[in-house]
Amino acid sequence: LDKCIYCYEPNEGIGGTETATPEQIATVRAKIETFVPNARFIYGGSVNPDNMGNLLKLNLTGVLVGSASLSPEKYQELVRASHGA
């Protein structure tokens, strides 16, 4: 189990525009870490340039990018946001 990467994507985030709150993400992560301390954890669910800054504050292993990766311009914005630019 300790070699797994765990991912959380709320139903509302699948193909939609709703992102889980930092509290919701932290709650899910805490539940996983009950069984696997210091689990590698990624979040997917309407990841976009506008919410990337808040997601980075959560010290995630990474993010899963869906529809924001379909447009080269949007994806470039996302990469810039992930670097704090």
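The shown structure was predicted, so the numbers you read here are calculated from the model rather than taken from an experiment.

Chemist: Describe the environment of Leu56, naming the residues involved and giving the relevant values.
Modeler: Assignment of secondary structure puts Leu56 in helix H2 (residues 52-56). Among the residues examined, Leu56 registers a relative accessible area of 43% and is labelled partly exposed. Each residue touching Leu56, except ones within four places of it in the same chain, is listed here: Ala81 and Ser82.

Chemist: Any details on the sheet that holds strand S1 (residues 5-8)? Residues and values, ideally.
Modeler: With parallel pairing, the three strands of this open sheet are ordered in space as S1-S2-S3. Lying at the two open borders of the sheet, with one neighbouring strand each, are S1 and strand S3 (62-64). Each adjacent strand pair in this sheet contributes to an overall mean axis angle of 30°, direction not counted. Of the strands in this sheet, S1 and strand S2 (40-44) touch helix H1 (residues 22-35), which is tilted by about 145° from S2.

Chemist: Tell me what's going on with H1, and back it up with residues and numbers.
Modeler: With 14 residues, H1 extends 21 Å between its outermost C-alpha atoms, agreeing within 8% with the 20 Å of an ideal straight helix rising 1.5 Å per residue. Along H1, the residues that are buried comprise Ile25, Arg29 and Ile32. Around the axis of H1, the buried residues are gathered within 60° of arc, so they sit on the same side. For H1, the exposed residues set more than 90 degrees away from the buried face come down to Glu23, Lys31 and Thr34.

Chemist: An account of the pairing of S2 is requested, with residue identities and associated values reported.
Modeler: Each regular strand shows side chains that alternate between the opposite faces of the sheet. Burial of S2 is extensive: four of the five residues sit out of reach of the surface. Note: S1 against S2, four bridges, orientation parallel. Considered in S2, the bridge of Cys7 is made with Ile42. Note: S2 against S3, three bridges, orientation parallel. Paired with Ile42 across the strands is Gly62, a residue of S3.

Conventions used here
- Within each chain, residue numbers correspond to sequence positions counted from 1 in written order.
- With pLDDT at 70 or above as the cut-off, local features in this predicted model cover only qualifying residues; side-chain atom pairs require 80 or more to be listed or tallied, and sums for whole chains, interfaces and linings still use all residues.
- Side-chain metrics in this entry use all non-hydrogen atoms of the structure; hydrogen atoms and water are not considered.
- Each helix is a run of DSSP H or I of at least 4 residues and each strand a run of E of at least 2, with the numbering of both proceeding from the N terminus.
- For the exposure calls, accessible area comes from a 1.4 Å probe over protein chains only, and a residue counts as buried if that area is under 20% of its type's maximum, exposed if over 50%, partly exposed in between.
- Should any heavy atoms of two residues lie within 4.5 Å, those residues are counted as being in contact.
- Note: two strands are recorded as paired if DSSP finds a minimum of 2 bridges between them.
- What counts as an axis is a line fitted to C-alpha atoms, over the stretch in contact for a helix, and the angles between N-to-C directions run from 0 to 180 degrees.
- Expected span of a helix: the number of residues minus one, times 1.5 Å.
- Summarising the geometry, the arc corresponds to the directions from the helix axis toward the C-beta atoms.

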